Amino acid sequence: MNRNNPPSLATRLLESLGPQRTSEALLGDLIEQYEGGRSRTWYWRQVILALVISAGREVRTSKLQAVSAILVGYLTGASLCYFTTSLAARFVGSYTAAYFVFLPLAFFSAAASGWIVRRSHPRTMVLVFSAFCGVASVVALAVYVWLPLSDRIPAPMLSLILAVDFIIAPLGVLAGGLWGSSGANDAWSSPRLGAR
Amino acid sequence: MADYLKDFELLVLLAVLRLDEDDAYGVPIATEIEQTTGRSVAQASVYAALERLEDRGWVSSRVGESTAQRGGRAKRHFRVTTQGLRRVREAKGALVKMWNGIRELQGGTT
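Everything numeric here is computed off the predicted structure, so don't read it as measured data.

A. Structural context of the overall build of chain B. For chain B, the helix and strand inventory stands at 4 helices and 2 strands. Written out in order from the N terminus, the α and β elements of chain B read α-α-α-β-β-α. Referenced to the eigenvectors of the C-alpha coordinate spread, the extents of chain B come out at roughly 55 × 30 × 25 Å. Looking at chain B as a whole, 30% of its 110 residues qualify as buried. Here the contacts in chain B between residues at least 6 apart in sequence split such that 47% fall between residues at least 24 apart.

Structure, rendered in structure tokens:
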């Protein structure tokens, strides 16, 4: 390698969550072009496009799997988050303490759902992540739009909800997905470049 | 799966045909399309199109060598099959037939 290595997180994302058949060849092409002088921004853009294209293909080719993965992912994450934070709420009094307890619980709940989906629906991880972000955005928007409700919610609690919806949950799902893919001895970690 | 050859898939098939088999892997295919059409191409969209074409038996692929320059990842070389070549010819024939007789498209370049 003649200069800094390509962004390792982007490489890891594509390896773990990218298109099943072509991720090795695609990664090789991206690394070759990066070594040829392309920027880190270009590399990241190509990886994100690859994940988006892969998710679109997943929707078209395996609709039932996609719906099932979204349901399993969202229900697991939301249930775990609800039960763990409800339990913790009995022992936590102040908002400051709530941040230190609720945010990690929300993160680990989302990570657990990402891990479960990655293991049970190996080809639909990107889709679930996108759906998670989409649903979280809709929920956050609904909170904003429903003014009487947001009037009743104290500002610290509202910011906690938004932090969970937009930052903690998506990051947790992603981390869980990556965690679930490491060491998984399946088609995702052993490229199937089926030559004909 | 639809047996219809999309615009971008036709470009990919033509790019593969324009390259020698040893050169017909992701990077040169994308470069060929970019240089010929002047439009920017995402590497992943080339592979998505190639996967669809391979599923329909219009291209075939083989795993090539892996080099340090590619982070140890193997290339995947493509070639157009006889069936794929027939589809390209049919597409060209259909386009030429549609082209013919359109007054606005004859003579000038604009």
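The rest of the description comes next.
B. Spotlight on the environment of A:Phe83. By the element assignment, A:Phe83 lies in helix 4 (residues 63-89). A C-alpha to C-alpha distance of 45 Å links A:Phe83 and A:Asp29, two positions 54 residues apart in sequence.

C. Geometry of the interface of chain A and chain B. Contacts between the two partners involve 22 residues from chain A and, on the opposite side, 21 residues from chain B. Those elements that provide at least two residues to the side of chain A that touches chain B are helix 2 (23-35) and helix 3 (40-61) of chain A. The leading source of residues in the side of chain A that touches chain B is helix 2 of chain A, at 11 residues. Taken together, the residues of the side of chain A that touches chain B break down into 11 nonpolar, 4 polar and 7 charged.

D. Fine view of helix 8 (residues 155-181) of chain A. The terminal C-alpha atoms of helix 8 of chain A, which comprises 27 residues, lie 38 Å apart, in line with the 39 Å expected from a rise of 1.5 Å per residue. At A:Val164, helix 8 of chain A is deflected by roughly 45°, the largest bend along its length.

E. Spatial organisation of helix 1 (residues 7-18) of chain B. Residue and element names in this part refer to chain B. Look at helix 1: 17 Å from first C-alpha to last across 12 residues, which is about the 16 Å you get at 1.5 Å a residue. What helix 1 keeps buried is the set Glu9, Val12, Leu13, Ala15 and Val16. For helix 1, the angular spread of the buried residues around the axis is 160°, confining them to a single face. Buried positions along helix 1 lie against helix 2 (26-37), helix 3 (43-55), strand 1 (59-66), strand 2 (74-80) and helix 4 (82-99).

F. The confidence of the model for chain B, seen in detail. All names here are of chain B. Taken as a whole, chain B shows an average pLDDT of 90; of its residues, 95% reach a score of 70 or greater. Confidence, read as mean pLDDT per element, is least for strand 1 in chain B (90) and greatest for helix 1 (96). At the level of chain-chain contacts, confidence expressed as ipTM amounts to 0.88, with global pTM at 0.71.

G. Region of the structure containing the nonpolar core. Within the largest apolar cluster, 35 residues are counted, with the highest numbers of intra-cluster contacts made by B:Val12, B:Val16, B:Ile29 and B:Leu50. At the level of secondary structure, the elements contributing two or more residues to this core comprise helix 1 (8-17), helix 2 and helix 3 of chain A together with helix 1, helix 2, helix 3 and strand 2 of chain B. Among the elements that make up this core, the one with the highest residue count is helix 3 of chain B (7 residues). If we ignore the near neighbours within four places in the chain, the residues touching B:Leu50 are B:Val12, B:Val59 and B:Phe78. A:Ala66, A:Trp115, A:Ile168 and A:Ala169 belong to the second largest nonpolar core, which has 20 residues in total.

How each quantity is defined
Residues numbered from 1 in each chain as written. Chains lettered and ligands numbered in written order. Predicted model: local features only at pLDDT ≥ 70, side-chain atom pairs only at ≥ 80, totals over all residues. Helix = DSSP H or I, 4+ residues; strand = E, 2+ residues; numbered from the N terminus. Buried ≥ 20, exposed ≤ 12 C-beta atoms within 10 Å, placed from the backbone. Contact = placed C-beta atoms within 7 Å. Nonpolar A, V, L, I, M, F, W, Y, C, P; charged D, E, K, R; others polar. Expected span 1.5 Å × (residues − 1). Bend = angle between axes of the 7 residues up to and from the residue. Arc of directions from axis to C-beta. pLDDT = per-residue confidence, 0-100. Core = buried A, V, L, I, M, F, W, Y, C linked by C-beta atoms within 7 Å.

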